[in-house]
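Structural characterization, general
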Amino acid sequence: MPDEQLVVARTWHPWRWVIAVATLIVVGQFLHGFVTNPGWDWGTFAQYFTAASVMSALWLTIQLTFWGTLIGFAIGIGLAVARLSDNPVLQVISWFYIWAFRSIPLIVQLLFWFNIAYLYRTLSLGIPFGPSFFRFDVNNVISGSTAAIIGLALHQAAYSAEIVRAGIISVDQGQLEAAAALGIPKRREFFKIVLPQAMRGILPNAANEVISLFKGTSIVSVMAIAELFYQVQVIYGRNGRVVPLLMVATVWYIILTSVLSIVQFYVERHYAKGAVRNIPLTPIQQIRHKLANVTFAPRGATR
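To start, this report covers the structure provided alongside it. Each residue is numbered by its place in its chain's sequence as written, counting from 1. In view of the model being predicted, local features appear only for residues whose pLDDT reaches at least 70, and side-chain atom pairs are presented and counted only at 80 or more, with totals across whole chains, interfaces and linings using the full set of residues. Each side-chain value is derived from all of the structure's non-hydrogen atoms; neither hydrogens nor water enter the calculation.

**Points about the nonpolar core**
- Definition of nonpolar core: a set of buried residues of the types Ala, Val, Leu, Ile, Met, Phe, Trp, Tyr and Cys, connected through side-chain atoms within 4.5 Å. For the exposure calls, accessible area comes from a 1.4 Å probe over protein chains only, and a residue counts as buried if that area is under 20% of its type's maximum, exposed if over 50%, partly exposed in between. Counting residues in hydrophobic clusters, the biggest one holds 17 residues, and the most contacted among them are Y48, V54, L228, V248 and W252.
- Think of it this way: any DSSP run of H or I at least four residues long counts as a helix, any run of E at least two long counts as a strand, and we number them from the N terminus. Going through the elements one at a time, α2 (42-49), α3 (52-84), α10 (228-239) and α11 (242-271) are the ones with two or more residues in this core.
- Not counting the four nearest positions on each side in its chain, V54 is found in contact with Y48, F49, L228, Q231, I235, V248 and W252.
- Within the second largest apolar cluster, 16 residues are counted, among which are L64, L106, L110 and I225. Every residue pair with non-hydrogen atoms within 4.5 Å of one another is taken to be in contact.

**Details of helix α5 (residues 106-114)**
- Where α5 is concerned, the buried positions are L106, Q109 and L110. Around the axis of α5, the buried residues are gathered within 100° of arc, so they sit on the same side. The arc in question is the one spanned by the directions pointing from the helix axis to the C-beta atoms.

**Quick word on a nonpolar patch on the surface**
- Patch members must show over 30% relative accessible area and no salt bridge, and they are joined within 9 Å when carrying like charges or within 5 Å when they are nonpolar side chains of Val, Leu, Ile, Met, Phe, Trp or Tyr. To measure how exposed things are, a 1.4 Å probe is used in the Shrake-Rupley method; for residues, cover is taken only from the protein chains shown. Salt bridge, as used here: a side-chain nitrogen of Lys or Arg that lies within 4 Å of a carboxyl oxygen of Asp or Glu. Side chains of F112, L119, Y120, L123, L125, I127, F133, F134, F136 and V141 sit close together on the surface and give an oily, nonpolar patch of about 1,000 Å² of accessible area.
- Of note, V141 is situated in helix α6 (residues 138-141).

**Concerning the pattern of salt bridges**
- This model, assessed by the stated rule, comprises three salt bridges.
- Linking R241 and D41 is a salt bridge whose minimum nitrogen-to-oxygen distance equals 3.5 Å. Of the two residues, R241 is situated in the loop between α10 and α11 and D41 in the loop between α1 (14-36) and α2; the sequence distance between them amounts to 200 residues.
- On the accessibility criterion, R241 (44% relative accessible area) is partly exposed.
- The salt bridge partner of E162 is R83, with a shortest N-O separation of 2.8 Å. One end of the pair, E162, is in helix α7 (residues 144-169); the other, R83, is in helix α3, and 79 residues separate them in sequence.
- The class for R83 is partly exposed, based on a relative accessible area of 23%.
- Here the salt bridges do not stand alone but share partners, grouping R83, E162 and R165 into one network.

**Focus: the packing of aromatic side chains**
- Note on aromatic contacts: the rings of Phe and Tyr and the six-membered ring of Trp form a pair at centre separations within 6.5 Å, being stacked when their planes are under 30 degrees apart, edge-to-face when over 60 apart, and tilted otherwise. Applying the stated criterion across every chain, the model contains eleven aromatic pairs.
- With centroids separated by 5.1 Å and ring planes inclined at 80°, the aromatic side chains of F66 and W67 adopt a geometry described as edge-to-face.
- Judged by relative accessible area, F66 falls into the partly exposed class, the value being 47%.
- A relative accessible area of 39% places W67 in the partly exposed class.
- In textbook terms, an aromatic cluster arises when at least three aromatic residues are bridged by ring pairs, as seen for W40, W42, F45, F49 and W252.

Take a look at the structure:
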């Protein structure tokens, strides 16, 4: 029999279909209850989802995440470079910083900075162990939001330092030796050889840290700062609608986490150039590719 006429028998997997159907039934039941259960109180959810107080708290949460990430990773890069340097003083200081801030719980750090005025009532700028030129009142300089940003940033710096250091040391040392043999300057070597390769290892973990920090901002509610979770608590403390108000916070966390995940995908895709033969397709490109491969039978044709 010619090869063209051979028919390959399909392998049947009945248990796959049984498990799939059972899973769909469970999901369907959950969704049905999600829609019809009056306890979810979707009317209250819709009322407060875009309320002015919630949007203001959401904006504060975004600001805390942005500044905590920006300052934290800036300090973390400096700590990573210091730990990889040949200076033993910088190595010890950076190691001690990372060890200390990873050991102390975040809530303790936040409360410490929130109550820093008990230790230092004034801050001064001047010559070390000498006269000061400027003096500031700590209560006027470090507000609740500032204390939260400082605590989040310093805590984030310890973790980002290890992420950056792991990405840098993951670069093959042979490439650095080749760059040195070619006489490539250190600055160009770092930005053209080390950084593009290190970013592939840094980005997934860094994005995960940013998402964790975004959700972790809810812990500043212990400082009575009106971020998203604290504001939701205030509202359901007044009207008693706990579940729909928690869903307001949950949905906003999901939306912004999804946005961060999309940004992560495109940044990782950018740094994948030169490392893989085929750049991963974006979701839109995948849809277009599948539609382009769809073939339709000509009109009037019969099977």
